[in-house]
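Chain and residue survey
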Amino acid sequence: MLQEFVLESATDRSAILWGHRLQEGYGELVSRTLDLSQNPTLEKAAGYVRRMTTILASIDLQAISQGSAGSGGIGQYLKRLNQRVDTPEELEKARLELDQLVRLMAGTMEPLLTLKEGLERASQSVDEIGTEIEAAALAAQYLASRFAGGREDLSRRFMDRAMSLTQSVAQIRGSSTLRAAQVDQPLSLIAAVQTIALVTVPGWISSLSAMTAVLQGKRRPTPTETGELEFQLRQILQQLKA
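Keep in mind it's a predicted model, so treat the numbers as computed, not measured. (Residues numbered from 1 in each chain as written. Predicted model: local features only at pLDDT ≥ 70, side-chain atom pairs only at ≥ 80, totals over all residues. Heavy atoms only, no water.)

Observations concerning the nonpolar core
By size, the foremost hydrophobic cluster in this structure holds 39 residues, and its most contacted members are Met-52, Leu-56, Ile-59, Leu-61 and Trp-204. Looking at this core, the elements with two or more residues in it are α3 (40-58), α4 (61-66), α6 (88-106), α7 (109-147), α9 (176-216) and α10 (223-241). Looking at which element gives the most residues to this core, the answer is α9, with twelve residues. Those residues in contact with Met-52 that sit more than four places away from it in its chain are Leu-98, Leu-101, Val-102, Met-105, Val-201 and Leu-240. (Core = buried A, V, L, I, M, F, W, Y, C linked by side-chain atoms within 4.5 Å. Buried < 20%, exposed > 50% of the residue type's maximum accessible area, 1.4 Å probe, protein only. Helix = DSSP H or I, 4+ residues; strand = E, 2+ residues; numbered from the N terminus. Contact = heavy atoms within 4.5 Å.)

What follows is the structure, given as structure tokens:
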């Protein structure tokens, strides 16, 4: 920067605009990153995860296996007052919606990967422009010292620019944690989709189908069968809430 700058040609304009384009570029990168972080794919995938969590958390396997929901008038009235999935009929409806959610979540994998890569590129560009802005700040400090004692007006303007550019550098360094969290957001959803929605939940749904078949037969599930499904369900919920 200094090699390309001619001291004798320095003007108020050149001092005022020193590093200005770099700061404009940083602002554009911030806007681009914000747009990426508000991508509808994120909200859609997060909504699927929330809905899956809600359904799974509402399933009462003990009540279903014991047939304790009640079939009389009072039982049906009480049933309408709760949000639990505690009858074989409701369990089947929940299973169908879980199947649907698994398919929908699978469709978000590619967009989430593309979004994650875009956020990584934007974060890298911010770091790179931060290095350039820091160099511009140091150069402005040097120019302020060179003009001190001769052209005080230019010295003050370059010092002002040095202070402004240094503030931009501080903002960039301070945003590193936030930018890492923005990149981590689609990564967390990708993990939920890839590991839980496409592997764990379908396996659990398969076991749930077996339980539904038992309920439609002449016997109730054994405590061991119900307990195993409950354990798996708790594990899935812990993963989804992590």
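Still to come is the rest of the account.
Section: the pattern of salt bridges
Working definition: two side chains of opposite charge can pair if their charged atoms are close together. Scanning all chains against the criterion turns up eight salt bridges. Here Arg-157 ties to Asp-12 by a salt bridge, and the two come within 3.1 Å at their closest N and O atoms. One end of the pair, Arg-157, is in helix α8 (residues 152-174); the other, Asp-12, is in helix α1 (residues 12-16), with 145 residues separating them in the sequence. Note on Arg-157: relative accessible area 29%, which makes it partly exposed. The class for Asp-12 is partly exposed, based on a relative accessible area of 33%. Residues Glu-120 and Lys-116 are paired through a salt bridge, measuring 3.3 Å at the closest nitrogen-oxygen approach. Residue Glu-120 and its partner Lys-116 are located together in helix α7, separated by four residues, close to a single helical turn. (Salt bridge = Lys/Arg side-chain N within 4 Å of Asp/Glu carboxyl O.)

Observations concerning the environment of Phe-5
Tracing the backbone through its elements, the reader meets Phe-5 in the segment before α1. As a C-alpha pair, Phe-5 and Leu-154 span 149 residues in sequence and 14 Å in three-dimensional space. Apart from residues no more than four positions distant in its own chain, Phe-5 is found in contact with Ala-10, Ser-14, Trp-18, Leu-143, Phe-147 and Phe-158.

Focus on the packing of aromatic side chains
One pass over the full model with this rule turns up four aromatic pairs. With a centroid separation of 5.9 Å and 85 degrees between ring planes, the pair formed by Phe-5 and Phe-158 is classed as edge-to-face. Pair noted here: Phe-5 is in the segment before α1 and Phe-158 is in helix α8, with a separation of 153 residues, a long-range link. The class for Phe-158 is buried, based on a relative accessible area of 0%. Here a set of aromatic residues connected by ring pairs shows up, and it is made of Phe-5, Trp-18, Phe-147 and Phe-158. (Phe/Tyr/Trp six-rings, centres within 6.5 Å; stacked < 30°, edge-to-face > 60°.)

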